[in-house]
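Spelled out from the first residue to the last, the chains are:
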Amino acid sequence: MSWLEVIRPGVLSSVQDSGRQGYRHHGLACGGALDVRSFSWANKLLDNPRNAACLEIVLGGFHAVTRGKLQIALTGAEAPVAVNGQPVSMWQTLNLNDADELTIGHSASHRLIYLALPGGLDAPLHFGSRSVVIRERIAGLDPIRAGDKLAALKSNDTRPDRVVPIACRPALSADIRLRIIPGYQYHQFARSDILRLTHSAYTVSHQSDRMGFRLQGPAMDSPPPGILSEGIAQGAVQVPGDGQPIVLLNDGQTIGGYPKPGVVPSLDCSALAQQLPGTRVRFEITDLATAQNERRLFERHYQCTRWRSCGHLLEWL
Amino acid sequence: MIEPVSEDAVLITLAEAIDDTLPARIARLSQSLRDAKLPWLQDLIPSYATLLVVYDPMLADFRDVTSRLKTIMSTEDFQTDIKQPPTGKLVELPVYYSIESGPDLAWLAAETGLDMLDIIRRHTAIEYRVHALGFAPGFAFMGEVDPAIAKPRKQTPRKQVPAGSVGIANRQTAVYPQASPGGWQIIGCCPTTLFDPDTLSLLRVGDRVRFCAISRQDFLAAGGKLTETRLP
């Protein structure tokens, strides 16, 4: 068996798959990879199952030593990556040999890096998932530490070298457009507040994490008062008394009592979760059918694409 | 009312305000949806007056889901509680009410003008209903507390509330299953495990709960722990 031995875990690294299904009525958060696109491409490079667990590395600063031969894939935020000090590219398969040193520097522009191993990362299953929700403080669900072993679920049957073409990588542009599907208390918000939300620029606050991203900008004047706590859909935009919106993400609470003008679709949440504090974002209204179609198109694209020969590499078809 | 709220969730609203029959009705609706073995169903999140239905958008779109939910809801009446047997199990939770396990007990006594024994008597006198679960794994929102001892949350939440802490926030009461930050007024500590990774949450929406006062000795014998560091 081959594995990566962690020397330095970086700022915060945790095992994430597609998250838990069917446990939210116990108060358990969904968890799961925040950037669905980068996570999916990492698994696709290694022919992994759709929901295979990856390591989600926040900002970088990761250092590990290879034990045995191991093919890996790295996607997500651009960061300087080196094998034994030699720079290598992300968004492609990497073939590591025994004792190779893998270092991932700090990303200057975005937040999340995904590291995939053949068959997926071997980690204990809790609640039908390998995702770790740190804030729940459940024994065995912790971030990765120095000395941990990251083992692959499959033995190392090496695939051909592959690269994700630039056109297929998620565009992690600087100015982020967050669409919002009107819902929940949308009609209880003053029209002027909705206009303020959709016509202002907001910046990502430092107080942003896997629970939710806080945005700072023109405050909504008179958000409706608290409501009876109700189930929270992923991506829900919550507006507390200070009028500053919070986009609730994968580790967010399952129910809540703040008013919500709507929900940000999952692929837009993926783009948001990649942003560093200070990034500007804008909200715009979309409709449910459009959002649902986009999500389905993404899944179809993921499931139906195949690798084809392209020189010595294999590319996206 | 059935309203799609996101690309993978539909919110069913049964009422606009809390009433005591809602937890049982929502629990029954959840059960009916589970029994229907809907292939696209992923999660059901019940709360005070609503049920959030989370589905797989690759298997059904919001129109399919909404119409299927309407059909299921029309075959049984979830709007009223007539002729329905009481649902939900009755759970008895022991609580060690004291100054050392309930750092806000003295404050609550001063605030309400009641003596501490009277507060304990009033808190244990009512059979509560679990209205919602959330905030943290196994955290059950129960109601409704005697208005005489109902006080709002702290302005600034505590950074750490020990596991088992029994709190009051307005007319709600709850037990913190794990140590966590928290703003509820803490009046005692419960030694019972409320969330276990294998058996999950002890309490479910619709369950009934009675608190009973126990001694320090019984609390420790039942595995209860008193944190050495006094809370601010």
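The structure presented is a predicted model; accordingly, all values stated were derived computationally and were not measured. Position numbers for residues count from 1 along each chain, tracking the sequence in the order it is written. Chains and ligands are labelled sequentially in the order written, the chains with letters from A and the ligands with numbers from 1. Selection of residues for local features in this predicted model requires a pLDDT of at least 70, selection of side-chain atom pairs for listing and counting requires 80 or more, and totals for whole chains, interfaces and linings are taken over all residues. Each side-chain value is worked out from all heavy atoms of the structure, with water and hydrogens disregarded.

Novice: Which residues make up helix α3 (residues 105–112) of chain B, and what values go with them?
Specialist: All names here are of chain B. Per-residue accessibility, obtained with a 1.4 Å probe over protein chains only, is compared with the maximum for each type, and a residue is labelled buried under 20%, exposed over 50%, and partly exposed between these values. Here a helix means four or more residues in a row that DSSP labels H or I, a strand means two or more in a row labelled E, and each is numbered from the N terminus. Where α3 is concerned, the buried positions are Leu 105, Leu 108 and Ala 109. When α3 is viewed along its axis, its buried side chains cluster within an angular range of 100° and face the same direction. Tucked inside the fold, the buried residues of α3 contact β5 (90–97), α4 (116–125), β9 (165–169) and β12 (185–189). Where α3 ends, the next residue or the one after it, Gly 113, has phi of about 75°, a positive value. Think of it as the arc spanned by the lines of direction from the helix axis to the C-beta atoms. Contact criterion: two residues are considered in contact whenever any of their non-hydrogen atoms come within 4.5 Å of each other.

Novice: So, the domain arrangement of chain B: which residues are in play, and what are the values?
Specialist: When the parts of a complex come together, some accessible area is lost, and that lost area is often taken as the interface size. Residue and element names in this part refer to chain B. For each domain, the first and last residues come from an automatic or database assignment. Per the domain assignment, the segments of chain B are domain 1 (2–83) and domain 2 (90–221). Between the C-alpha centres of domain 1 and domain 2 the distance comes to 29 Å. Taken together, the contacts link nine residues of domain 1 with 10 residues of domain 2. Simply put, the buried area is the total loss of 1.4 Å probe accessible area from both parts when two parts are fitted together. The junction of domain 1 with domain 2 conceals about 790 Å² of combined surface from both sides, 62% of it contributed by carbon and sulfur atoms. We define a salt bridge as a side-chain nitrogen of Lys or Arg found within 4 Å of a carboxyl oxygen belonging to Asp or Glu. For the pair domain 1 and domain 2, the number of links is zero salt bridges. Polar contact criterion, stated in full: a pair of N or O atoms within 3.5 Å, where within protein one must be able to donate a hydrogen and the other to accept it, and residues adjacent in sequence count only if both atoms are side-chain atoms. The tally of links between domain 1 and domain 2 comes to one residue pair in polar contact (both at pLDDT 80 or more). Among the elements that make up the side of domain 1 that touches domain 2, the one with the highest residue count is helix α1 (residues 22–35) (three residues). Considered class by class, the residues forming the side of domain 1 that touches domain 2 number six nonpolar, one polar and two charged. Under the scheme applied here, ten amino acids are nonpolar (Ala, Val, Leu, Ile, Met, Phe, Trp, Tyr, Cys and Pro), four are charged (Asp, Glu, Lys and Arg), and all others, including Gly, are polar.

Novice: Outline the side chain of Ser131(A), supporting the account with residue identities and numerical values.
Specialist: All names here are of chain A. With respect to the secondary-structure elements, Ser 131 resides in the loop between β11 (121–122) and β12 (149–152). Judged by relative accessible area, Ser 131 falls into the buried class, the value being 0%. Side-chain polar atoms of Ser 131 contact the side chain of Gln 16, separated by 3.3 Å.

Novice: Outline the pairing of β12(B), listing residues and values.
Specialist: All names here are of chain B. By the criterion of burial, β12 is predominantly enclosed, with five of the five residues buried. Note on pairing: two strands pair once DSSP finds at least 2 bridges between them. Here β5 pairs with β12 via two bridges, running antiparallel. Counterpart to Tyr 96 in the pairing with β12 is Cys 189. When β9 meets β12, the two strands line up antiparallel, connected through four bridges. Bridge assignment links Ser 165 to a residue of β12, and that residue is Cys 189.

Novice: So, α4(B): which residues are in play, and what are the values?
Specialist: Residue pairs spaced three or four apart in an α-helix point in one direction, given the helix's 3.6 residues per turn. When we look at burial in α4(B), the residues that qualify are Asp118(B), Ile119(B), Ile120(B), His123(B) and Thr124(B). Put simply, Asp115(B) is the residue that caps the front of α4(B), since its side-chain oxygen is 3.1 Å from the backbone nitrogen of Leu117(B).

Novice: Talk me through the pattern of salt bridges; I want residue IDs and the actual numbers.
Specialist: For the structure shown, the criterion picks out 26 salt bridges over all chains. The salt bridge partner of Asp43(B) is Arg24(A), with a shortest N-O separation of 3.1 Å. Here Asp43(B), found in strand β3 (residues 41–46), pairs with Arg24(A), found in the loop between β2 (12–16) and α1 (36–45), and the two come from separate chains. On the basis of relative accessible area, Arg24(A) is assigned to the buried category, the value being 6%. Residues Asp221(A) and Arg196(A) are paired through a salt bridge, measuring 3.1 Å at the closest nitrogen-oxygen approach. Here Asp221(A) is found in the loop between β15 (212–216) and β16 (230–231), whereas its partner Arg196(A) is found in helix α2 (residues 191–198), with 25 residues between them in sequence.

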